[in-house]
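Secondary and tertiary structure notes
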Amino acid sequence: MQQLATEPMGRDSRGPAPGGEELSLAERAYRAIRDRLVMLEIRPGAPIHEEQLAQSLGVGRTPVREALKRLQYERLITTYPRRGTFATEVNITDLAHISEVRQELEPLAAAQAARRATAADRAVLTALRQELEHADPARQDGELMRLDLQVHRAVYAAAHNPYLEDTLVRHDNLATRIWCLFLDRLSDMAGHVEEHGPLIEAIVAGEPERAARLARGHVEGFEQAIRAAI
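In this text the structure is predicted, and so the values were computed from the model without any measurement. (Residues numbered from 1 in each chain as written. Predicted model: local features only at pLDDT ≥ 70, side-chain atom pairs only at ≥ 80, totals over all residues. Heavy atoms only, no water.)

Regarding the packing of helix α4 (residues 95–116) against helix α10 (residues 208–229)
- Closest axis-to-axis distance for the α4/α10 pair is 7 Å, and the angle between their directions is 155 degrees. Between α4 and α10, the angle falls in the class roughly antiparallel. For the crossing formed where α4 meets α10, the hand is right-handed. Mapping the contact onto sequence places Leu95, Ala96, Ser99, Arg102, Gln103, Glu104, Glu106, Pro107, Ala110, Ala111, Ala114 and Arg115 in α4 and Pro208, Ala211, Ala212, Ala215, Arg216, Val219, Glu220, Phe222, Glu223, Ile226 and Arg227 in α10.
- Here the contact of α4 with α10 is composed, by residue class, of 13 nonpolar, 2 polar and 8 charged. (Axes fitted to C-alpha atoms, helices over the stretch in contact; angles between N-to-C directions. Helix = DSSP H or I, 4+ residues; strand = E, 2+ residues; numbered from the N terminus. Parallel < 35°, antiparallel > 145°, perpendicular 65-115°, else oblique. Left-handed = near helix turned anticlockwise from the far one by under 90°. Contact = heavy atoms within 4.5 Å. Nonpolar A, V, L, I, M, F, W, Y, C, P; charged D, E, K, R; others polar.)

Have a look at this one:
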């Protein structure tokens, strides 16, 4: 049986959202379960138990049930009649499809972020840039992956297009699951995450063309690294 982590919901899963609004219990549950699935803390193919999740997150079953509906739409879990609900398998054949979407939309989001980022967005990105600069190369790969996710999500939010943000968050989540599957075969996780430094600089400086170019290179490098590790 899949062993669920019992720590409370993380920084991205509780308290106010970036815009200042308080997150609902369902949203908190969604973010916490989503990130456990993305980081493979809930392993691919593992059964999903509503009651265990509710207890581990400190919420009722209703918020968990609402969260699971969203996660099924995002292809992170799947339900089989008379069998139950399970974390989706990570299928490497999906890499080309995911990369195809990201290679077009990641540069668009980066360029729009460079054009539209508010002072608050720039402050968030600058703080992440500083965290990248002081990141210890010896940090565990899982910690670096979480930092990678934070940067991507901050860039998407700074583009101020909710439809673009929603699409890219979902595809970045799926890409991260593939990345996590091959972590033990990838030698330069720190280098991959550090690539975000120049991208953040371009966005904060308001340079859309440079930001788009760097974002595309980052996505292309991701696919090349995975294919080399297969």
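Examining the packing of α4 against helix α9 (residues 196–204)
- Interaxial distance between α4 and α9 falls to 7 Å at its minimum, and their mutual angle equals 40 degrees. The orientation of α4 with respect to α9, classified from their angle, is oblique. From α4, Ala110, Ala113 and Ala114 reach across to α9, where they touch Leu199, Ala202 and Ile203.
- Looking at the contact of α4 with α9, its residues break down into 6 nonpolar, no polar and no charged.

Considerations on the nonpolar core
- Ile33, Leu37, Ile48, Leu68, Leu71 and Ile226 are the most contacted members of the largest nonpolar core, which totals 38 residues.
- Breaking this core down by element, the ones donating at least two residues are α1 (25–38), α2 (50–57), α3 (61–73), α4, α6 (141–158), α7 (162–181) and α10.
- Broken down by element, this core gets its largest block of residues, 6 residues, from α1.
- Every residue in contact with Leu37, bar those within four places of it in the chain, is listed here: Ile42, Ile48, Leu71, Leu76, Ile77, Ala87 and Arg177. (Core = buried A, V, L, I, M, F, W, Y, C linked by side-chain atoms within 4.5 Å. Buried < 20%, exposed > 50% of the residue type's maximum accessible area, 1.4 Å probe, protein only.)

Comments concerning unusual backbone geometry
- With phi around 60 degrees, Leu40 is a residue other than glycine that occupies positive phi space.
- Tracing the sequence through the fold places Leu40 in the loop between α1 and α2.
- The phi torsion at His160 lies on the positive side, around 55 degrees, for a residue other than glycine.
- Within the element layout of this structure, His160 appears in the loop between α6 and α7.
- Judged by relative accessible area, His160 falls into the partly exposed class, the value being 42%.

Details of the pairing of strand β2 (residues 84–87)
- Pairing between strand β1 (residues 77–80) and β2: 4 bridges, direction antiparallel. Residue Thr78 lies in a different strand from β2, and its bridge partner there is Phe86.
- Between the end of β1 and the start of β2, which pair antiparallel, lie 3 residues, with Arg82 showing a positive phi angle near 65 degrees. (Pairing = 2+ DSSP bridges.)

Some points on the environment of Glu50
- Along the chain, Glu50 turns up in helix α2.
- When the C-alpha positions of Glu50 and Thr85 are compared, they lie 9.4 Å apart, and in sequence the two are 35 residues distant.
- Here Glu50 is in contact with Arg61, Val64, Arg65 and Leu68, once residues within four sequence places are set aside.

Digging into the side chain of Gln103
- Within the element layout of this structure, Gln103 appears in helix α4.
- Looking at Gln103, the relative accessible area reads 18%, which means it is buried.
- In this structure Gln103 touches Arg216, Val219, Glu220 and Glu223, once residues within four positions along its chain are discounted.

Keep in mind these numbers describe shape, not what the thing actually does.
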